[in-house]
Protein chains: 2
Amino acid sequence: MARSLRRISESTIHRLSIYYRALNQLERENYETISSKELAKREKLTPAQVRKDLSFFGSFGTRGLGYPVGELRNKIAEILGINRTWNVALVGVGNIGSALVSYKEFQKQGFKIKKIFDNDQRKIGSNHKGIVVSDIKKLFEELKDGEIEIVVVAVPATVAQIIVDDIVRAGIKAILNFAPMNLKVPDDVEVRNENMAMELEYLSFSLSNDSLRP
Amino acid sequence: MARSLRRISESTIHRLSIYYRALNQLERENYETISSKELAKREKLTPAQVRKDLSFFGSFGTRGLGYPVGELRNKIAEILGINRTWNVALVGVGNIGSALVSYKEFQKQGFKIKKIFDNDQRKIGSNHKGIVVSDIKKLFEELKDGEIEIVVVAVPATVAQIIVDDIVRAGIKAILNFAPMNLKVPDDVEVRNENMAMELEYLSFSLSNDSLRP
DNA sequence: AACCTGTTGTGAAAGGTTTCACAACCAGAC
DNA sequence: GTCTGGTTGTGAAACCTTTCACAACAGGTT
């Protein structure tokens, strides 16, 4: 059973995502069970880490046998909260925003884009995959009823904070941010950054300082 | 001066990116110097962490005064290796790939997309912002001369590994991966993942397990 | 020149994460 | 029923990162 008072680290949660994808693949390959050793090998992790990560949430394996693939997959989906659909709003239909609307992985994983906002008059009213783009001025109005649970921010850095203030005020607790900046939000709002510039800078550092890599 | 034998943690490198952006902003606001205290406050970090991070690379500040904004900005650019341009190739001009070609932040930061590849006959030969799309079959051939230093992979997960094997074989040491999967590469190749599904899953976990957040 | 305020740079302490190592256990063989 | 090989679950150890705390120092003031 879940250890209710334990805090779970960011790395552990990320690895659950990795296990989830690996287990889906194993299911396709008709595996019935998988050992921590084999799972770790596939994902370049250590067996102990796999077991420790899972043990935070319960004991799902059988000694001598390993973990039942389908069952563990479902259990992880449940832990991650992806055994259901989430209603998502997208703010900003520029280059990245438009790409996200068509991005099939989102839908596949149960993240449904329900509303789209932009401030460009030429875009407002236009149709993106069946969703009509609303005026960004209506953001607060449209988010405050609680239908939308996650908001994706894909606007220029210069306006991102203003928009996020509105989003927070409307009661949203989860934001995926593509603007290359640190958003300021209250502690009870979770922001994840998808910052390509930052990852490229990491690669640049890595190429420039071969000996200093972690 | 640089401490040559110290390994630098991933978190420290990511924070250097954060400091870099903050310092650019401070420069725009005409700050001449900034204390670790003030810089930390702006980015929701601790002063000690700012000082410790910087101290790995040298001592750039003045006791009693703080750090010189412009100078520190330049020094961090140098450490991150972004005081120059990098030649980038893009593989896959689907939704995400096309968005990246138009994404201005890349160019602004000195990451220049020089070559584009795809396997779709309708796309090969077409022009994206002045770059003609090449057949993905020519990937190895076109990368092996060393002009390209960083490759961005924006292809479906099913073909990502095959393509990456080619990229690695051609001698590329830095890859930015948008495919939702863990790529297998030798230890001397650095892969950064831009995995939106994973970040959404984190948000999903966060909304589902309020009490377990780190 | 002595003093005061502010801030860095950094060893040491605290806190967190990963790895180790092994008892506990399962399933199959004999 | 007992043994054997394999694997989990987990405290403890090792390792890594962050925070603390303070000496060292710059610059201004009296």
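Since this is a predicted model, take the numbers as computed values, not measurements.

Brief notes about the overall build of chain A
Stage number 1. Helix and strand counts for chain A stand at nine helices and nine strands.
Stage number 2. Summarising its shape, the C-alpha atoms of chain A cover approximately 65 × 45 × 35 Å along the three principal directions.
Stage number 3. In chain A, which comprises 214 residues, the share counted as buried stands at 53%.
Stage number 4. Look at the contacts in chain A between residues 6 or more apart in sequence, and 55% of them connect residues 24 or more apart.
Stage number 5. Each charge class in chain A was averaged separately, 32 positive and 27 negative side chains, and the resulting centres sit 4 Å apart.

Notes on the sheet that holds strand β7 (residues 150–153) of chain A
All names here are of chain A.
Stage number 1. Spatial ordering of the open sheet is given by β5-β6-β4-β3-β7-β8-β9, a layout of seven strands whose pairing is mixed. Both edges of this open sheet fall to β5 (127–128) and β9 (190–193), since each of them pairs with a single strand only.
Stage number 2. In this structure, β5 lies alongside strand β6 (residues 131–135), joined through two bridges in antiparallel fashion. Looking at β6, one finds that Asn127 is bridged to Val132.

Focus on the interface of chain B and chain A
Stage number 1. Contacts between the two partners involve 68 residues from chain B and, on the opposite side, 68 residues from chain A.
Stage number 2. Taken together, both faces of the contact between chain B and chain A bury some 6500 Å²; the carbon and sulfur share is 63%.
Stage number 3. A per-residue breakdown of the area chain B buries against chain A is headed by Leu200, Glu201 and Tyr202 of chain B, which together make up 11% of the total.
Stage number 4. Here chain B is connected to chain A by four salt bridges.
Stage number 5. Across the pair Glu201 of chain B and Arg21 of chain A runs a salt bridge whose closest N-O atoms are separated by 2.9 Å.

Observations concerning the protein's contact with DNA strand D
Stage number 1. Taken together, 25 residues sit near DNA strand D, with Ser36, Arg51, Ser59, Arg63 and Tyr67 of chain A positioned nearest.
Stage number 2. Take the atoms of DNA strand D that sit within 4 Å of the protein: sugar and phosphate atoms are 61% of them.
Stage number 3. One nitrogen or oxygen atom from the side chain of Lys52 of chain A is found 3.3 Å from a base nitrogen belonging to DNA strand D.
Stage number 4. Gly64 of chain A places a main-chain nitrogen or oxygen 3.1 Å from a sugar or linking oxygen of DNA strand D.
Stage number 5. No other element matches helix α3 (residues 47–55) of chain B, which puts four residues into the surface near DNA strand D.

Remarks on the environment of Ser102 of chain A
Stage number 1. Structurally, the position occupied by Ser102 of chain A is in helix α5 (residues 95–102).
Stage number 2. Sequence separation of Ser102 of chain A and Ile175 of chain A is 73 residues, and the distance between their C-alpha atoms is 19 Å.
Stage number 3. Discounting residues that sit within four places of it in the chain, Ser102 of chain A has contacts with Lys129 of chain A together with Asn95 of chain B.

Examining the side chain of Asp135 of chain A
Residue and element names in this part refer to chain A.
Stage number 1. Mapping Asp135 onto the fold places it in strand β6.
Stage number 2. It is Lys137 that comes nearest to the buried, bridge-free Asp135 among opposite-charge side chains, at 4.2 Å.
Stage number 3. One polar contact links the side chain of Asp135 to the main-chain amide nitrogen of Lys137, over a distance of 2.8 Å.
Stage number 4. Leaving out residues up to four positions away in the same chain, Asp135 has contacts with Phe117, Asp118, Gln121 and Ile124.

Here we look at the confidence of the model for chain A
Stage number 1. Here chain A averages 94 in pLDDT, and 95% of its residues register 70 or above.
Stage number 2. Taken together, the stretch residues 1–5 of chain A has pLDDT below 50 and engages in 10 contacts with residues farther than four places along the chain or on a different chain.

Considering the sheet that holds strand β9 (residues 190–193) of chain B
All names here are of chain B.
Stage number 1. The strand order β5-β6-β4-β3-β7-β8-β9 describes an open sheet built from seven strands, whose pairing is mixed. The strands lining the two open edges of the sheet, one partner per strand, are β5 (127–128) and β9.
Stage number 2. Direction of pairing for strand β3 (residues 86–91) relative to strand β7 (residues 150–153): parallel, over a ladder of four bridges. The residue of β7 that forms the bridge with Val88 is Ile150.

Considering the relation of the copies chain B and chain A
Stage number 1. Structural alignment of chain B on chain A gives an RMSD of 0.0 Å, achieved by rotating through 180° and translating 0.0 Å along the axis. One copy is carried onto the other by what is essentially a two-fold rotation axis.
Stage number 2. Of the residues that chain B buries at the interface, 100% are likewise interface residues in chain A, meaning the two copies contact each other through the same surface.

Looking at empty space enclosed by the protein
Stage number 1. In total, this model carries one cavity of 30 Å³ or more according to the counting rule given.
Stage number 2. The calculated volume of the largest cavity comes to roughly 50 Å³.
Stage number 3. Every residue along the wall of the largest cavity is listed here: Ile96, Ala99, Leu100, Phe178 and Met196 of chain A together with Ile96, Ala99, Leu100 and Met196 of chain B.
Stage number 4. Of all the secondary structure elements, the ones that give two or more residues to the lining of the largest cavity are α5 of chain A together with α5 (95–102) of chain B.
Stage number 5. Here the lining of the largest cavity is built from residues that sort into nine nonpolar, no polar and no charged.

Some remarks on the protein's contact with DNA strand C
Stage number 1. What surrounds DNA strand C is a group of 26 residues, the closest being Arg63 of chain A together with Ser36, Arg51, Arg63 and Tyr67 of chain B.
Stage number 2. Within 4 Å of the protein, the contacting atoms of DNA strand C are 61% sugar and phosphate, with bases supplying the remainder.
Stage number 3. Between DNA strand C and the protein, one listed contact pairs a phosphate oxygen with a side-chain N or O atom of Thr46 of chain A at 3.1 Å.
Stage number 4. Gly61 of chain B places a polar main-chain atom, nitrogen or oxygen, 3.0 Å from a phosphate oxygen of DNA strand C.
Stage number 5. For the surface near DNA strand C, the secondary-structure elements that each account for two or more residues are α1 (10–28) and α3 (47–55) of chain A together with α3 of chain B.
Stage number 6. Considering every element that reaches the surface near DNA strand C, the biggest residue donor is α3 of chain A, with four residues.
Stage number 7. In terms of residue class, the surface near DNA strand C is built from five nonpolar, 13 polar and eight charged.

The rules behind the values
Residues numbered from 1 in each chain as written. Chains lettered and ligands numbered in written order. Predicted model: local features only at pLDDT ≥ 70, side-chain atom pairs only at ≥ 80, totals over all residues. Heavy atoms only, no water. Helix = DSSP H or I, 4+ residues; strand = E, 2+ residues; numbered from the N terminus. Buried < 20%, exposed > 50% of the residue type's maximum accessible area, 1.4 Å probe, protein only. Contact = heavy atoms within 4.5 Å. Lys, Arg positive; Asp, Glu negative; His and termini not counted. Charge placed at Lys NZ, Arg CZ, Asp CG, Glu CD. Pairing = 2+ DSSP bridges. Buried area = accessible area lost by both parts, 1.4 Å probe. Salt bridge = Lys/Arg side-chain N within 4 Å of Asp/Glu carboxyl O. Near = heavy atom within 4 Å. Polar contact = N/O pair within 3.5 Å; in protein donor to acceptor, adjacent residues only side chain to side chain. pLDDT = per-residue confidence, 0-100. Least-squares fit on C-alpha atoms with pLDDT ≥ 70 in both. 1 Å grid on protein atoms, 1.4 Å probe; cavity = no way out; pocket = protein on both sides within 12 Å on 5 of 7 lines; lining within 4 Å. Points joined across faces, edges and corners; volume = space filled by probe spheres on them. Nonpolar A, V, L, I, M, F, W, Y, C, P; charged D, E, K, R; others polar.

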